[in-house]
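Here is what each chain is made of, one letter per residue.
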Amino acid sequence: MRKAVFALTAALLAGAPVLSEDLNDPEELLTARHGYMLMLANQLAPLGAMAKGEAPYDAAAAEKAAQSLAALASVDTSMVWAPGTEAGALADSAALPEIIANAGDREARFAELKTAANTLAAAAGTGHDGLKAAMGAVGQACGGCHKQYRKPE
């Protein structure tokens with residue numbers, strides 16, 4: 001877990017000079033938000049493939065990805081959900097305006113993701129059944145937010 005947090009911190013610090021020019025620029029905030037979501041997806045992809053049986057279960061890889069996911073889920077992302085970063089304001093944004101306006105619900109949903117990711121981190125290396133069971137709550141946390149707050153593709 002410490003290695004995952006250290007790696008995340010190093011990655012964020014490496015990107016800091018790019019974002020430090022104007023932390024209020026909606027385009028830069030959207031770039032940061034997209035990067036964060038991509039990092040979540042990169043950890044979820046191998047976990048999902050293992051849980052579905054599309055990839056062989058590997059306890060070490062599952063545990064590592066789940067711990068990284070838990071570290072990412074603990075990051076405060078409130079600053080990247082600023083007004084002006086929603087769909088309609090920026091062409092590349094899929095975030096509906098409601099996610100910006102409903103900060104309390106957004107934070108509650110991220111708290112659900114954090115809880116689910118922590119549960120997954122504890123279960124992922126224990127066996128395929130544990131991984132599969134814990135992935136359900138992570139999928140519900142992600143999907144619930146995306147269905148309500150993300151523009152349909």
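For every chain, the first residue of the written sequence is number 1, and numbering continues from 1 along that sequence. At least 70 in pLDDT is required for a residue's local features to be given in this predicted model, at least 80 for side-chain atom pairs to be given and counted, and no such filter applies to totals for whole chains, interfaces and linings, which use all residues. Computation of side-chain values: all heavy atoms of the structure, hydrogens and water removed.

So, about the overall build of the protein. Only DSSP runs of H or I reaching four residues or more are called helices, and only runs of E reaching two or more are called strands; each is numbered from the N terminus. In terms of helices and strands, the protein carries 6 helices and 0 strands. The order of helices and strands in the protein, counted from the N terminus, is α-α-α-α-α-α. Nonlocal contacts in the protein, meaning residues at least 24 apart in sequence, comprise 70% of its contacts between residues at least 6 apart. When the accessible surface of the protein is totalled, it reaches about 8,600 Å², and 60% of it is carbon and sulfur. Two residues qualify as a contact provided that any one of their heavy atoms is within 4.5 Å of a heavy atom in the partner residue. Per-residue and other accessible areas were derived by the Shrake-Rupley procedure at a 1.4 Å probe size, with only the shown protein chains allowed to occlude residues.

With that out of the way, let us pick up helix H6 (residues 128-149). Between its first and last C-alpha atoms H6 spans 31 Å; for 22 residues at 1.5 Å apiece the expected length is 32 Å, and the two agree. Three labels apply to residues, based on accessible area from a 1.4 Å probe with only protein chains included: buried if under 20% of the type maximum, exposed if over 50%, partly exposed otherwise in between. Turning to H6, its buried residues number three or more, namely Leu-131, Ala-134, Met-135, Val-138, Ala-141, Gly-143, Cys-145 and Tyr-149. Packed against the buried residues of H6 are helix H2 (26-52), helix H3 (59-73), helix H4 (97-101) and helix H5 (103-123). The span expected for a helix works out to 1.5 Å for each residue beyond the first.

As used here, a disulfide is simply a covalent bond connecting the sulfur atoms of two cysteines. The term disulfide is used for any two cysteine sulfur atoms that are within 2.5 Å. Taken as a whole and assessed by the stated rule, the structure comprises 0 disulfides. Free cysteine Cys-142: the closest other cysteine sulfur is in Cys-145, separated by 8.5 Å.

Below, the discussion takes up the nonpolar core. Ranked by size, the top nonpolar core spans 33 residues in total, and within it Leu-47, Leu-69, Leu-120 and Leu-131 carry the most contacts. Secondary-structure elements contributing two or more residues to this core are H2, H3, H4, H5 and H6. In this description, a nonpolar core means a group of buried Ala, Val, Leu, Ile, Met, Phe, Trp, Tyr and Cys residues linked to one another through side-chain atoms lying within 4.5 Å.

Note on definitions: angles span 0 to 180 degrees between N-to-C directions of axes, and those axes are lines fitted to C-alpha atoms, for helices only across the stretch in contact. Running from N to C, H5 and H6 point in directions that differ by 165°, and their axes come no closer than 8 Å. Viewed along their axes, H5 and H6 adopt a mutual orientation that is roughly antiparallel. As H5 packs across H6, the resulting crossing turns out to be left-handed. Counted together, Asp-105, Arg-109, Glu-112, Leu-113, Ala-116, Ala-117, Thr-119, Leu-120 and Ala-123 of H5 and Gly-130, Leu-131, Ala-134, Met-135, Ala-137, Val-138, Ala-141, Cys-142, Gly-144, Cys-145, Gln-148 and Tyr-149 of H6 form the full contact between these two elements. Classification used: nonpolar for Ala, Val, Leu, Ile, Met, Phe, Trp, Tyr, Cys and Pro, charged for Asp, Glu, Lys and Arg, polar for all others including Gly. Each residue belonging to the contact of H5 with H6 can be placed in one class, and the counts come to 14 nonpolar, 4 polar and 3 charged. Here roughly perpendicular refers to angles of 65 to 115 degrees, roughly parallel to angles under 35, roughly antiparallel to angles over 145, and oblique to all remaining angles. Rotating anticlockwise by less than a right angle from the far helix to the near helix defines a left-handed crossing, while the corresponding clockwise rotation defines a right-handed one.

Looking now at the packing of H2 against H6. When two helices pack together, their arrangement is given by the angle between their axes and by how far apart the axes lie. The contact between H2 and H6 brings their axes to 9 Å, and the two run at 125°. As summarised for this structure, H2 and H6 are arranged oblique, according to the angle between their axes. Read as a crossing pair, H2 and H6 show a hand that is left-handed. When H2 is examined against H6, the residues Leu-44, Leu-47, Gly-48, Met-50 and Ala-51 are found in contact with a partner set consisting of His-128, Leu-131, Lys-132, Met-135, Val-138 and Cys-142. For the contact of H2 with H6, the residue count by class is 8 nonpolar, 2 polar and 1 charged.

Another aspect to go through is H5. Think of an α-helix as 3.6 residues a turn; residues three or four steps apart then line up on the same face. For H5, built from 21 residues, the straight-helix expectation of 30 Å at 1.5 Å per residue is met to within 8% by its first-to-last C-alpha distance of 30 Å. All of the buried residues along H5 are Arg-106, Arg-109, Phe-110, Leu-113, Ala-116, Ala-117, Leu-120, Ala-121 and Ala-123. What you see down the axis of H5 is that its buried residues fit within an arc of 160°, all on one side. Structural note: H5 exposes Gly-104, Thr-115 and Ala-122 on the side pointing more than 90 degrees away from its buried face. Those residues of H5 that are buried lie in contact with H2, H3, H4 and H6. Summarising the geometry, the arc corresponds to the directions from the helix axis toward the C-beta atoms.

When we look at a pair of aromatic rings, we describe it by the centre distance and by the angle of the planes. In this analysis, rings of Phe, Tyr and Trp, with Trp reduced to its six-membered ring, are considered paired at centre separations within 6.5 Å, and the interplanar angle assigns stacked below 30 degrees, edge-to-face beyond 60, and tilted for intermediate values. In the structure shown here, the tally under the stated rule is 2 aromatic pairs. Here the aromatic cluster, defined as three or more aromatic residues joined through ring pairs, consists of Tyr-36, Trp-81 and Phe-110.

Okay, the side chain of Glu-86 next. Take Glu-86: it is sitting in the loop between H3 and H4. Look past the residues within four positions of Glu-86 in its chain and what remains in contact with it is Ser-93, Ala-95, Leu-96, Pro-97 and Ile-100.

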